[in-house]
Amino acid sequence: TDQVRLTMLVPGISTISATTLEQQNALVDFIVHMSIIGSVSIRINTSCIEDNDKPPTDSNLLTYPNLVQRIVQEALSCSIEDISIQQHVFAAKLMDLGLKVAIFNIQDVSGSSNENHDVADIRDVLSTFPRTRVGLVLPSDVSAAVAMVNQYRDVAGHFLYRLEETSTGGSFSDHPIVNLASKLVKAVDHSIEMHISFPQNLPASALDDVVHVATLSDSVHAIIPPKITTNEVDRPVLASPLQPACELDLVEAWVGCIKTDRADGMFTTVVCDEHGVCLGLVYSNKESIRVALVERRGVYWSRSRGSLWRKGETSGHQQRLLEVRLDCDRDALRFSVLQTGEPAAFCHLMTRTCWGQEQGLQKLESLLKERKRAAPEGSYTARLFGDPDLLKKKLLEEVQELVEAQEPDHIAAEAADVMYFLLTRCVAAGVGLREVEAHLDRRSLKITRRPGHAKEWRTKDAEQILAAKPTDK
């Protein structure tokens, strides 16, 4: 399925009205930090988007729309809330930059459906986007909310309901929308995603309510303020620099969503590299998850020592934490890391993985990087690194041979040659498979497409270069 799947517990940013360069940088860094644990949901100020022509007082500051675009580009995954229907062009631009879900607000300030927009017009706009990447803010009235879901569910795959503060101290779990949420997604065969946003000043006592909502269904998600208690003296709390921290701790709530059948309460954790290749199997608990998120590195729990295991603390083979995700059953974690060290080995046997060395393109990339650092005498790869003109001609030559190949095995062999010279070109420029894959992933999210016609002038240039072929292979 192409359904966009989001983490059940989503950090929510209520404001991004940064007024200084320091605030802007701190905000972007914090949002990127929070996206490690899941898709971040960000509420924007639509009037600031409309004031795009108004330049900031500081020339170094990004305009509000550009700040939003930077966040979308740098965060691993995020949703943008409160986009007005008039700003659909801006929403399309954000999707092209990698925005996972654009959540439109078609209500007026009173919370009623905006009479300035005809339902047919709204549907026409929403239908220009992939349904699985479009959402709507629901009205506070539950009956009206249900009606909106039924009215737009064929053009919108996400619906956001904002819980209001309870003055009586009652349970959020008793709210009618909470009881209806899982029924709504089941009624349409889980073809929609329900997002229930909690108030910003959540008390610690709301933990059970948050976990209850987050675990109702794979298609129901709880949005809560992003605050993590760090247990650090100099930075006791990790929270948004622009909104007050609530009492509820994000890690407490996130861990509350994980299931385990182990007697020691540990969570099975699969460690993967940036390409999704499994490096090894470890175990985590609440303390190790908290430290890993705060320090942005691979930190686990050593069962033999009964203490934190900061990977690489003694060996030097540290890991930069890229992403933490739950599996579909919520009973296993996946830590995606950037493994470092010389060599970049995870296993204590100094192999890349606990099942031996890497294979395929990853193995080729590692070999090319090693050749760039220190190549043996007579290395052809070293010659290519030192002769950019030769590398250029060989790459063009191999692409031509791939185009001309006919038999399946011949095509595979020529493609392998192209991969070798292509990766050599990348490594020579300090580019790795991770950067290439990131571009591929971003392009898969684009909703606008170029015609893709052949560039005749490029073909002629290639023919001129190939006219002077190298004499050796």
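Worth saying up front: this structure is predicted, and the values here are computed from it rather than measured.

## Description of the layout of surface pockets
Next, step 1: If you add up the space inside the second largest pocket, you get close to 780 Å³.
Next, step 2: As for the second largest pocket, its lining consists of 30 residues, and the residues nearest its centre are Ala 344, Arg 352, Glu 358, Ser 366 and Lys 369.
Next, step 3: Sorting the residues of the lining of the second largest pocket by element identifies strand E16 (333-339), helix H11 (360-373) and helix H15 (433-444) as the ones contributing at least two each.
Next, step 4: Of all the elements, H11 adds the most residues to the lining of the second largest pocket, at ten residues.
Next, step 5: When the residues that make up the lining of the second largest pocket are grouped by side-chain class, the tally is nine nonpolar, nine polar and twelve charged.

## Re the side chain of Ser 302
Next, step 1: By the secondary structure assignment, Ser 302 is in strand E13 (residues 299-302).
Next, step 2: At 3.2 Å, the side chain of Ser 302 and the side chain of Ser 304 are in polar contact.
Next, step 3: Within the local environment of Ser 302, its side chain forms a polar contact with the backbone nitrogen of Arg 305, the two atoms lying 3.2 Å apart.
Next, step 4: What Ser 302 contacts, discounting residues up to four positions off in sequence, is Ser 307 and Trp 309.

## Focus: the pattern of salt bridges
Next, step 1: In total, this model carries 23 salt bridges according to the counting rule given.
Next, step 2: Ionic pairing is found between Glu 252 and Arg 290, a salt bridge with its closest N-O pair at 3.6 Å. Within this pair, whereas Glu 252 is found in helix H9 (residues 250-256), its partner Arg 290 is found in helix H10 (residues 286-295), the two being separated by 38 residues in sequence.
Next, step 3: Given the relative accessible area of 9%, Arg 290 is considered buried.
Next, step 4: The partner of Glu 370 in a salt bridge is Arg 373, with the nearest N and O atoms 2.8 Å apart. In this pair, Glu 370 and Arg 373 both sit in helix H11, three residues apart, roughly one turn of the helix.
Next, step 5: For Glu 370, a relative accessible area of 33% gives the class partly exposed.

Each value, and the rule that gives it
Residues numbered from 1 in each chain as written. Predicted model: local features only at pLDDT ≥ 70, side-chain atom pairs only at ≥ 80, totals over all residues. Heavy atoms only, no water. 1 Å grid on protein atoms, 1.4 Å probe; cavity = no way out; pocket = protein on both sides within 12 Å on 5 of 7 lines; lining within 4 Å. Points joined across faces, edges and corners; volume = space filled by probe spheres on them. Helix = DSSP H or I, 4+ residues; strand = E, 2+ residues; numbered from the N terminus. Nonpolar A, V, L, I, M, F, W, Y, C, P; charged D, E, K, R; others polar. Polar contact = N/O pair within 3.5 Å; in protein donor to acceptor, adjacent residues only side chain to side chain. Contact = heavy atoms within 4.5 Å. Salt bridge = Lys/Arg side-chain N within 4 Å of Asp/Glu carboxyl O. Buried < 20%, exposed > 50% of the residue type's maximum accessible area, 1.4 Å probe, protein only.

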